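# Commentary on secondary and tertiary structure
Here are the chains, one letter per residue:
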Amino acid sequence: MQQPTAPPALTVVIYLAAFALVLFRMSRPQCISTTRLWIAPGLLTFVGLWAIYTEQSLTPSPLWEILLASLLGVALGVPLGLIRGAHTPVEATKDPGVMMLGSALIPASIYVTAFGARLLLHVIFPIGSAIGAVVGDGILVFAVAFLAVSYFAIYRKYIALEK
C-alpha cells in the first residue's frame, strides 16, 4: 500500500516558510544568553546532518566519497567561519551571560543557499547519482561547519569581553 505524501507545492511552501523564518530571525541584532547562542546552530546542524543521513540511507554513496566531500566542506567552512565570527559585532550587556549579537544574515543566507544548491543538484542529477548526493552533502557539511565555527568564534569574543 502506497504511503500518502504531501503535495510538492506544499513541501516547497513549507521549506520557503522555514527558510524565511530563519533569515528573518537571524537578520536582526539580538540580545541573547550564552546558552541560547548554541540553540540555533545546534538545530541547524541537526537539520543539515539529518538531511545527509536520510539521503544516504535511501541512496547510499561510497563511504570514501562522503568522507572526502565532508573533509572538503570542513576545510572550507572552518576558516570562513572563523573570519565571519571575528567580524561579527558582539557587545557585553549589564546582565551576566547575556550579549548583544549583531546581525547574522550572512551565515543564515549561506545556510539557506547550501540547501538550495543541494536541491538544485538533485534536480540536475538523477536521484541516486553519486555526484548529486556527495557534492550536495559536502555543501551541507560546509554550511554546518561554517555556522558552528562562527558561533564558537563569537562565543570566544564574548568571553574576552567579560574579562
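Scroll up to find the structure this text is about.
Residues numbered from 1 in each chain as written. Predicted model: local features only at pLDDT ≥ 70, side-chain atom pairs only at ≥ 80, totals over all residues. Heavy atoms only, no water.

## Quick word on the overall build of the protein
Note the following rule: Helix and strand definitions here come from DSSP, where helices need a minimum of 4 consecutive H or I residues and strands a minimum of 2 consecutive E residues; each element is numbered from the N-terminal end. Remark: exposure states derive from per-residue accessible area (1.4 Å probe, protein chains only) relative to the maximum for the residue type, with buried under 20%, exposed over 50%, and partly exposed in between. The contact criterion used is simple: two residues touch if any of their non-hydrogen atoms lie within 4.5 Å. Charged residues are defined here as Lys and Arg on the positive side and Asp and Glu on the negative side; His and the ends of the chain fall outside this count. Where a charge sits is defined by one atom per residue type, namely NZ (Lys), CZ (Arg), CG (Asp) or CD (Glu).
Assigned secondary structure in the protein consists of six helices and three strands. Moving toward the C terminus, one meets the helices and strands of the protein in the order α-β-α-α-α-β-β-α-α. Its C-alpha atoms give the protein principal-axis dimensions of roughly 60 × 35 × 25 Å. With 163 residues in all, the protein has 37% of them scored as buried. Taking as baseline every contact in the protein between residues at least 6 positions apart, the subset at least 24 positions apart corresponds to 81%. Across the protein, the 9 positively charged side chains and the 6 negatively charged ones have centroids separated by 10 Å.

## What about helix α3 (residues 39–58)?
For clarity, the cut-off: Expected span, for any helix, means 1.5 Å times one less than how many residues it has. Working note: the arc is built from the helix axis to C-beta atom directions.
In this model α3 runs 28 Å from its N-terminal to its C-terminal C-alpha over 20 residues, within 8% of the 28 Å that 1.5 Å per residue would give. Three or more residues of α3 are buried, namely P41, L44, T45, G48, A51, I52, E55 and Q56. End-on view of α3: buried residues confined to an arc of 125 degrees, all on one side of the axis. Within α3, the exposed residues directed more than 90 degrees away from the buried face are L43, F46, Y53 and L58.

## Concerning the sheet that holds strand β3 (residues 98–101)
Our working definition: Strands are treated as partners if at least two bridges between them are detected by DSSP. Note on method: axes are straight lines fitted to C-alpha atoms, helices fitted across the in-contact stretch only, with angles between N-to-C directions ranging 0 to 180 degrees.
A sheet is described by the order of its strands in space; here three strands give the open sequence β1-β3-β2, paired in antiparallel fashion. Two strands close off the open sheet at either side, each with one partner strand: β1 (30–33) and β2 (90–92). When strand polarity is set aside, the average angle formed by the axes of neighbouring strands in this sheet is 30 degrees. As defined by bridge partners, β2 adjoins β3 across three bridges and the pair is classed as antiparallel. Counterpart to E91 in the pairing with β3 is M100.

## Structural notes on the pairing of β3
Both β1 and β3 contribute to a ladder of four bridges, which runs antiparallel. Paired with S33 across the two strands is V98, which belongs to β3.

## So, the environment of A69
Among the secondary structure elements, A69 is positioned in helix α4 (residues 63–86). Those residues in contact with A69 that sit more than four places away from it in its chain are V134 and G138.

## Remarks on the nonpolar core
For the record, the criterion: Here, the term nonpolar core denotes a set of buried Ala, Val, Leu, Ile, Met, Phe, Trp, Tyr and Cys residues that are joined through side-chain atoms within 4.5 Å.
Grouped together as the largest cluster of nonpolar side chains are 23 residues, with contacts concentrated most on M26, L37, M99, L101, Y111 and Y151. Contributing elements (two or more residues each) for this core: α1 (8–26), α3, β3, α5 (105–124) and α6 (130–162). Discounting residues that sit within four places of it in the chain, Y111 has contacts with L44, T45, V47, G48, A143, V144 and L147.

## Things to note about a nonpolar patch on the surface
Convention followed: Patch membership requires over 30% relative accessible area and the absence of a salt bridge. Like charges are linked within 9 Å, and nonpolar side chains (Val, Leu, Ile, Met, Phe, Trp, Tyr) within 5 Å. With residues, only the protein chains shown are counted as cover, and all accessible areas are computed by Shrake-Rupley using a 1.4 Å probe. What makes a salt bridge here is a side-chain nitrogen of Lys or Arg within 4 Å of a carboxyl oxygen of Asp or Glu, nothing more.
A cluster of nonpolar side chains, contributed by F46, V47, W50 and Y53, occupies part of the molecular surface with about 470 Å² of accessible area. Relative to the assigned elements, Y53 resides in helix α3. Overall, the relative accessible area of 52% leaves Y53 in the exposed class.

## Looking at the environment of L147
Within the fold, L147 resides in helix α6. Through-space distance from the C-alpha of L147 to that of Y111 is 7.7 Å; in sequence the pair is 36 residues apart. Contact partners of L147, with chain neighbours within four places excluded, come to M26, P41, L44, P107 and Y111.

## Side note on the side chain of D137
Just so we agree on the cut-off: Here a polar contact is taken to be a pair of N or O atoms separated by no more than 3.5 Å, where protein atoms must pair a possible hydrogen donor with a possible acceptor and residues adjacent in sequence count only if both atoms sit in side chains.
Inspection of the secondary structure puts D137 in helix α6. For D137, the side chain forms a polar contact with the side chain of Q56, separated by 2.7 Å. Setting aside chain neighbours within four positions, we find D137 in contact with I52, E55, Q56 and R118.

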